[in-house]
Amino acid sequence: MNSRLILLPFSLIYSGIVALRNWLYNHNILHSTTFDIPVICVGNITVGGTGKTPFIEYILRTLESSNTPAIVSRGYRRKTKGLVIAAKDSTTQDIGDEPFQMHNKFPNIPIAVDGNRNKAIKWIKDNTSCNVVLMDDGFQHRSTKASFYVLMTDYARPMWSDWTFPSGNLREPWHGRHRADIIIVNKCPENLSEKERDDIKKRLNVSCPIYFASITYGELRRHDATVANEDIDKALAIAGIGRPAPFFEEVKRRVKDTQCIEYADHHNFSADDFNNISSVMVNDGRRLITTEKDATRLANSGLDYLFIPIELKILFGQGKELNKIINDAVEAKTK
C-alpha cells in the first residue's frame, strides 16, 4: 500500500489541529502582535524550495532606493539560540544559511534571527532606523500579525494536488492561501503560456493578485563572488536545497559530463561529507559546482568550489505592477 495513504489519517488529524489554531487566531481568541511599522511576510504553505529567499532579495532591491528595510528570520538550522544579530564575523552556524546568504549580498541591511519573530522585530524597531521589516518564512507564525502577506508557491508542486503532513508536503490546509495579499507562483518555465497561467489562476481561486515568476541563473562565481571564466570538462554538482532538479539541469546544460549529489534541504555538511566530495573531485578530475545557498555552508570547508547565483524574474511584463503593490503596501502602513 502507498505509504502516503497509510499516513493519511494522521494528516487529517494534523489538518484539524492546524485549522482549529487558525480559527482561534482569525477570531482573536489567540492574540497576534501588531507593529506600527510595515511588516511584509514572505512565506509558503508547501514546505521547502518555493524560492522565498530570492523573492526577499527582489523586494530588497525594490525598496532600497526609497526605504530602509530590515530582515527578520528564525535562522533555520543554526547552532545558536535566542536573538542573534548578523555581524561581519557571523557564520551560517550563527544565523542560518539563508540569512547568511542575504547578509553577504546586502551587508548594510540589519538582519535579526530569532524563533520569536516579535522579539526580533522589536529589536529592529528599538535599535535601528529601519522603516520596514521583511519577515522570512512567517506565514504560519500567527503570533506576529504582518501588515502584508506574500505567499510563495512552486509551479511544479501545486497546492491543490497535495496533502498536509505527514502524508504530503503542506504545512497547513491549502485554504490558508486566502490569508495572502498576493501569491507568487515561482519557478515557472520562462515560456509559460497565457493559457496555463489562466488555468493556474482558476485552480488557485483567490481574490488577491497572482503573479508568475521564473528563476534565472547567473554566471559561475568563485567563493569570493568574482566571475569565474573557466572552461570545465567535468563537473560535480552538489545541492542541499528543496527540489534541486532545476539546478542540476542547469549545471548539465553548461557541463555535459556532470555527476550530481543531492543532500537534504539545509543539510549541515560534515567532515566526512567534505572528504567524500574531495575524493570525487580528485579521483574523477571534476570541478565542484554548487548552489548559492550551499556555498554559504562550504565557505570554511577548504574545498575549491564555484557557485551559480540566482535571481527571480517576474513574467508577463508585470514587474512594475508588482513593485507598485509592494511600495504601496509600505506607504499605506507608514501614513
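Analysis parameters
- Residues numbered from 1 in each chain as written.
- Predicted model: local features only at pLDDT ≥ 70, side-chain atom pairs only at ≥ 80, totals over all residues.
- Heavy atoms only, no water.
- Helix = DSSP H or I, 4+ residues; strand = E, 2+ residues; numbered from the N terminus.
- Rg over C-alpha atoms; globule rule 2.2 N^0.38 Å.
- Buried < 20%, exposed > 50% of the residue type's maximum accessible area, 1.4 Å probe, protein only.
- Contact = heavy atoms within 4.5 Å.
- Areas by Shrake-Rupley, 256 points an atom, 1.4 Å probe, with all protein chains shown as cover.
- Lys, Arg positive; Asp, Glu negative; His and termini not counted.
- Charge placed at Lys NZ, Arg CZ, Asp CG, Glu CD.
- Pairing = 2+ DSSP bridges.
- Axes fitted to C-alpha atoms, helices over the stretch in contact; angles between N-to-C directions.
- Salt bridge = Lys/Arg side-chain N within 4 Å of Asp/Glu carboxyl O.
- 1 Å grid on protein atoms, 1.4 Å probe; cavity = no way out; pocket = protein on both sides within 12 Å on 5 of 7 lines; lining within 4 Å.
- Points joined across faces, edges and corners; volume = space filled by probe spheres on them.
- Nonpolar A, V, L, I, M, F, W, Y, C, P; charged D, E, K, R; others polar.
- Polar contact = N/O pair within 3.5 Å; in protein donor to acceptor, adjacent residues only side chain to side chain.

(A) Local environment of the overall build of the chain. The number of helices and strands found in the chain is 10 helices and 14 strands. A compact globule built from 335 residues would reach a C-alpha radius of gyration of about 20 Å, and the chain, at 20 Å, matches this within 12%. Here the chain holds 335 residues, and the buried ones make up 51% of them. Once local pairs closer than 6 in sequence are excluded, the contacts in the chain between residues at least 24 apart make up 74%. Total accessible area on the chain is roughly 16,000 Å²; 50% of this is exposed by carbon and sulfur atoms. Side-chain charges in the chain split into 44 positive and 40 negative, and the spacing between the mean points of these groups amounts to 5 Å.

(B) Structural view of the sheet that holds strand 10 (residues 234-239). Strand order in the open sheet formed by five strands is 9-13-12-10-11, with mixed pairing between adjacent strands. Each of the sheet's edge strands pairs with one partner strand only, and the pair in question is strand 9 (221-222) and strand 11 (257-262). Two strands pair when backbone bridges link them, and strand 9 and strand 13 (residues 305-308) are joined in this way by two bridges, in the antiparallel orientation. From the neighbouring strand, R222 faces strand 13, where its bridge partner is L306. Packed on one face of the sheet, helix 7 (residues 245-254) meets strand 10, strand 11, strand 12 (287-291) and strand 13 and runs near 170° to strand 10.

(C) Highlighting the pattern of salt bridges. Applying the stated criterion to the full structure yields 24 salt bridges. K125 is the salt-bridge partner of D36, the closest N and O atoms lying 2.8 Å from each other. With D36 in the loop between helix 1 (3-26) and strand 1 (39-44) and K125 in helix 5 (residues 117-127), this residue pair connects regions lying 89 residues apart in the sequence. Its salt-bridge partner being K122, residue D126 comes within 2.7 Å of it at the nearest N-O pair.

(D) Representation of the pairing of strand 5 (residues 132-136) in the model. Counted residue by residue, strand 5 has five buried out of five residues, so it is predominantly covered. Because side chains alternate across strand 5, one face comprises the buried residues V132, L134 and D136, and the other comprises V133 and M135, equally buried. In this structure, strand 1 lies alongside strand 5, joined through four bridges in parallel fashion. Residue V39 lies in a different strand from strand 5, and its bridge partner there is V133. Relative to strand 5, strand 2 (residues 69-73) runs parallel, the two sharing four bridges. Bridging across to strand 5, A70 finds its partner in V133.

(E) View of the layout of surface pockets. For the largest pocket, the calculated volume is near 930 Å³. As for the largest pocket, its lining consists of 44 residues, of which G49, G51, K187, I241 and G242 are closest to the centre. Of all the elements in the fold, those that place two or more residues in the lining of the largest pocket are helix 2 (52-63), helix 4 (97-105), strand 8 (210-217), helix 7 and helix 9 (292-297). Looking at the lining of the largest pocket element by element, the count peaks at five residues for helix 7. Among the residues forming the lining of the largest pocket, the class breakdown is 15 nonpolar, 13 polar and 16 charged.

(F) Spatial organisation of the side chain of K293. Along the chain, K293 turns up in helix 9. The exposure class of K293 is buried, given its relative accessible area of 11%. Here the side chain of K293 touches E98 through a polar contact of 3.2 Å, side chain to side chain.

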